[in-house]
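Each chain is listed here by its residues.
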There are 2 protein chains.
Amino acid sequence: MSRSDTPLVLVVDDEPAQRALLSYNLEAAGFRVATASDGEEALLVVSEEAPDVILLDWMLPRVSGIEVCRQLKAQRGGADAAIIMVSARSDESDRVRGLETGADDYITKPYSVNELLARVRANLRRVRPARAGQVLDVGDLTLDPEAHRVHRSGAELHLGPTEFRLLSALMEKPGRVWTREALLDRVWGRDIYVDTRTVDVHIGRLRKALMAQGGDDPIRTVRGAGYSLD
Amino acid sequence: MSRSDTPLVLVVDDEPAQRALLSYNLEAAGFRVATASDGEEALLVVSEEAPDVILLDWMLPRVSGIEVCRQLKAQRGGADAAIIMVSARSDESDRVRGLETGADDYITKPYSVNELLARVRANLRRVRPARAGQVLDVGDLTLDPEAHRVHRSGAELHLGPTEFRLLSALMEKPGRVWTREALLDRVWGRDIYVDTRTVDVHIGRLRKALMAQGGDDPIRTVRGAGYSLD
DNA sequence: GCATTCTGTGACGGTTCGGTGACAGAGGTC
DNA sequence: GACCTCTGTCACCGAACCGTCACAGAATGC
């Protein structure tokens, strides 16, 4: 099955030891993990990989966590993710400020691993409600993962396995622009190496299939960035 | 004994001891049992194995049973199962909340094994009347589990035992795509090891039998995924 | 305008996947 | 024992699918 079923958690912390610890625990719990050591990197990862949950350290070098949080929320794609602020201070005012800035949740050190995982799962549920098995609906497109069927305005379309997974990924966050790398990761799996141009070809094939029975091209090419479904 | 005729009960409880106890009692009563220790796992099992009854502990770690229940009901496949909430509290408000969330029944600890089994059977009858000897009907196909007979457009077909079980499994959720692994699990049993290609061969034999007296092939092959009955 | 970069797409070789006939073994029946 | 049915595995073939490339055309920058 495709990787895209496993939720992605982004850990933003400047301490390598903290990142390693969090990654370890999260991966042990079955999540995919991406890391970033500062706000800039975090923004990059968010635009590339569209994480589902972001664990954001309050005390970051150069740019404060709050600022990063604000930017993440402002950035397209970041708005889809749940942001959990991690802070050493249990100060109430910090908490309020964090949540005001757009954080979805707030957790103070020291915390237990279970507590952390609980927060991540809880936010994940909110952000990505029970995706498995749910019928996806975007515009005149309908994708039923369980029956493995795709319809456009009622008419059934025939897609190959890769096109099917590609369309699932695109339909999960309509409007979002996916880089080729992100799509490779989600549709092909992160350990497989294939050329990024392969994505182009499959997007082409997907377009052909989607327009086989008429209708506009629902896939938008963003030059220099990637593709999105509208 | 035909595997797919045996109802599947999913036990969701975070306590290993509870799971073991319930499994033991349910299996002794002739049910097949699957277990899950949290909501996430439960959702997975539901989408993979399509249980008939779900015994859901109210007090789950991290995610409350209510939340899990809501998600199960929302998920395709979960809606077909009866959900019985198991709670330590006999509180009336809890009961109401549970039922409001979509639970089909409610049982409070302490309960006797007989009481538990009675509830499971009662809900099973409601949810899967086929158990009571009711025939399965899909398109022009009719399968009578009790009489062990299959008809297509009135004409009786001859199926071997494995083909019969295979068809029962497929007919239980028409349209749903079953992976070879899921079918092996359901038709052959989870402890038996046979090659997944064996499924192909039996699908072939089943098709042959189904089309012996004319008619289209009712089984759809989904490349890279599995089979489904339409 | 021109040069450059990026994208769409047809073609192609190679691979994987699924259908099927053949076969040997297990188990049951007479 | 002699049949018969059913089962799981294998080998083979054809079809579907995949990844890459080359080239043309579009978009962008200067």
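First, a word on scope: everything that follows refers to the structure included in this document. The numbers attached to residues start from 1 for each chain and follow its sequence in the written order. Here chains are named by letter from A upward and ligands by number from 1 upward, in the order in which they appear as written. In keeping with the predicted nature of the model, local features appear solely for residues at pLDDT of at least 70, side-chain atom pairs appear and are counted solely at 80 or more, and the whole-chain, interface and lining totals rest on all residues. Heavy atoms throughout the structure, all of them, feed into the side-chain values; hydrogens and water do not.

### Description of the overall build of chain A
The criterion, for reference: Numbering of helices and strands runs from the N terminus; a helix is a DSSP stretch of H or I covering at least four residues, while a strand is a stretch of E covering at least two. Buried means the residue's accessible area, taken with a 1.4 Å probe over protein chains only, is under 20% of the maximum for its type, while exposed means over 50%, and partly exposed covers the values in between. In this analysis, two residues are considered to be in contact whenever any of their non-hydrogen atoms come within 4.5 Å of each other.
Within chain A, the regular secondary structure consists of 8 helices and 11 strands. Relative to its full complement of 230 residues, chain A shows a buried share of 52%. Of all intrachain contacts in chain A linking residues separated by at least 6 positions in sequence, the fraction that spans at least 24 positions is 60%.

### Observations concerning the packing of aromatic side chains
The way to describe two aromatic rings as a pair is by their centre distance and the angle between their planes. Let me state the cut-off plainly: Two rings from Phe, Tyr or Trp (for Trp, the six-membered ring) form a pair when their centres are within 6.5 Å of each other. A pair whose planes differ by under 30 degrees is stacked, one over 60 is edge-to-face, and the rest are tilted. Ring-over charges, as used throughout, are those where CZ of Arg or NZ of Lys falls within 6 Å of the ring centre and within 35 degrees of the ring normal.
Using the criterion set out here, one finds 0 aromatic pairs over all chains in the structure. Its guanidinium or amino end placed over the ring of Trp178(A), Arg176(A) lies 4.5 Å from that ring's centre, counting from NZ or CZ.

### Let's talk about the protein's contact with DNA strand C
Where we set the bar: The nearness test applies per residue and asks whether one of its heavy atoms lies within 4 Å of the molecule or strand. Nitrogen and oxygen atoms within 3.5 Å of one another constitute a polar contact, given that in protein one can donate a hydrogen and the other can accept it, and given that sequence-neighbouring residues count only through two side-chain atoms. Polar here means any residue other than Ala, Val, Leu, Ile, Met, Phe, Trp, Tyr, Cys and Pro, which are nonpolar, and Asp, Glu, Lys and Arg, which are charged; Gly is therefore polar.
The environment of DNA strand C is made up of 20 residues, and the closest members are Thr221(A), Tyr227(A), Arg207(B), Thr221(B) and Tyr227(B). The contact in question runs from a base oxygen of DNA strand C to an N or O atom on the side chain of Arg223(A), over 2.8 Å. Note that a phosphate oxygen of DNA strand C is positioned 2.6 Å from one of the side-chain N or O atoms of Tyr227(B). Of all the elements, helix α8 (residues 197-210) of chain B adds the most residues to the surface near DNA strand C, at 5 residues. By residue class, the composition of the surface near DNA strand C is 5 nonpolar, 4 polar and 11 charged.

### Examining the packing of helix α6 (residues 161-172) of chain A against helix α7 (residues 180-188) of chain A
Geometrically, a packed helix pair is captured by the angle between its two axes and the distance between the axes. Residue and element names in this part refer to chain A. Stated precisely, the cut-off is as follows: To obtain an axis, a line is fitted to C-alpha atoms, over the contacting stretch when the element is a helix, and the angle between two such axes runs from 0 to 180 degrees between their N-to-C directions. Here is the rule for angles: anything less than 35 degrees is roughly parallel, anything more than 145 is roughly antiparallel, 65 through 115 is roughly perpendicular, and the remaining ranges are oblique. Here a crossing is taken to be left-handed if its near helix is turned anticlockwise relative to the far helix by less than a right angle, and right-handed if that turn runs clockwise.
Viewed as axis vectors pointing N to C, α6 and α7 meet at an angle of 120°, and their least axial separation amounts to 9 Å. In this view, α6 runs oblique relative to α7, as classed from their interaxial angle. Crossing angle aside, the handedness with which α6 passes α7 is right-handed. On α7, the residues touching Thr162, Arg165, Leu166, Ala169, Leu170 and Glu172 of α6 are Leu183, Arg186, Val187 and Trp188. For the contact of α6 with α7, the per-class residue count stands at 6 nonpolar, 1 polar and 3 charged.

### Brief notes about unusual backbone geometry
Positive phi is not limited to glycine here, since His148(A) has a value of about 60°. Following the sequence through the fold, His148(A) ends up in the loop between β7 (141-144) and β8 (149-152).

### Points about the sheet that holds strand β5 (residues 105-108) of chain A
All names here are of chain A. The following threshold applies: Strands are labelled as partners when DSSP assigns at least two bridges between them.
With parallel pairing, 5 strands are arranged side by side in an open sheet as β2-β1-β3-β4-β5. Of all the strands in the sheet, the pair left with one neighbour each is β2 (32-36) and β5. Strand-to-strand twist of the sheet, defined as the mean angle between neighbouring strand axes without regard to direction, takes the value 20°. Pairing analysis gives 5 bridges linking strand β1 (residues 8-12) to β2, with the strands arranged parallel. Across the sheet, Leu8 pairs through a bridge with Arg32, a residue of β2.

### Focus: the sheet that holds strand β1 (residues 8-12) of chain B
Strands pair in a sheet through their backbones, by hydrogen bonds, and they do so in one of two ways: parallel or antiparallel. All names here are of chain B. Spatially, β2-β1-β3-β4-β5 is the arrangement adopted by the 5 strands of the open sheet, whose pairing is parallel. Bordering the open sheet on either side are β2 (32-36) and β5 (105-108), each of which pairs with just one other strand. Ignoring strand direction, the axes of neighbouring strands in this sheet form an average angle of 20°. Of the strand pairs in this sheet, strand β3 (residues 53-57) and strand β4 (residues 82-87) are connected by 5 bridges, and their pairing is parallel. Paired with Ile54 across the strands is Ile83, a residue of β4.

### A look at the pattern of salt bridges
This is how the line gets drawn: What counts as a salt bridge is simple: a side-chain nitrogen of Lys or Arg found within 4 Å of a carboxyl oxygen of Asp or Glu.
Under the counting rule described, the total for this entry stands at 15 salt bridges over all chains. A salt bridge links Asp230(A) to Arg220(A), with the shortest nitrogen-to-oxygen separation between them at 2.8 Å. One end of the pair, Asp230(A), is in the segment after β11 (226-229); the other, Arg220(A), is in strand β10 (residues 219-222), with 10 residues separating them in the sequence. With relative accessibility at 33%, the residue Arg220(A) sits in the partly exposed group. A cluster of three or more residues bridged by salt bridges with shared partners is formed by Arg149(A), Glu156(A), Arg220(B) and Asp230(B).

### Here's the deal with the protein's contact with DNA strand D
The environment of DNA strand D is made up of 25 residues, and the closest members are Thr162(A), Arg205(A), Thr162(B), Thr198(B) and Arg205(B). Within 4 Å of the protein, the atoms of DNA strand D are drawn from sugar and phosphate moieties in a proportion of 68%. Residue Arg223(A) places a side-chain N or O atom 3.4 Å away from a base nitrogen belonging to DNA strand D. Taking His202(B), its side chain carries an N or O atom lying 2.7 Å from a phosphate oxygen of DNA strand D. Within the residue set of the surface near DNA strand D, elements represented by two or more residues are α6 and α8 (197-210) of chain A together with α6 (161-172) and α8 of chain B.

### As for the environment of Ile83(A)
All names here are of chain A. Position of Ile83 relative to the elements: it lies in strand β4 (residues 82-87). For Ile83, a relative accessible area of 0% translates into the label buried. Sequence separation between Ile83 and Pro51 is 32 residues, and the spatial gap between their C-alpha atoms is 10.0 Å. Dropping the residues within four chain positions of it, Ile83 is found in contact with Ile54, Leu56, Cys69, Leu72, Lys73, Ala103, Asp104 and Asp105.

Distances and angles like these do not, on their own, reveal function.
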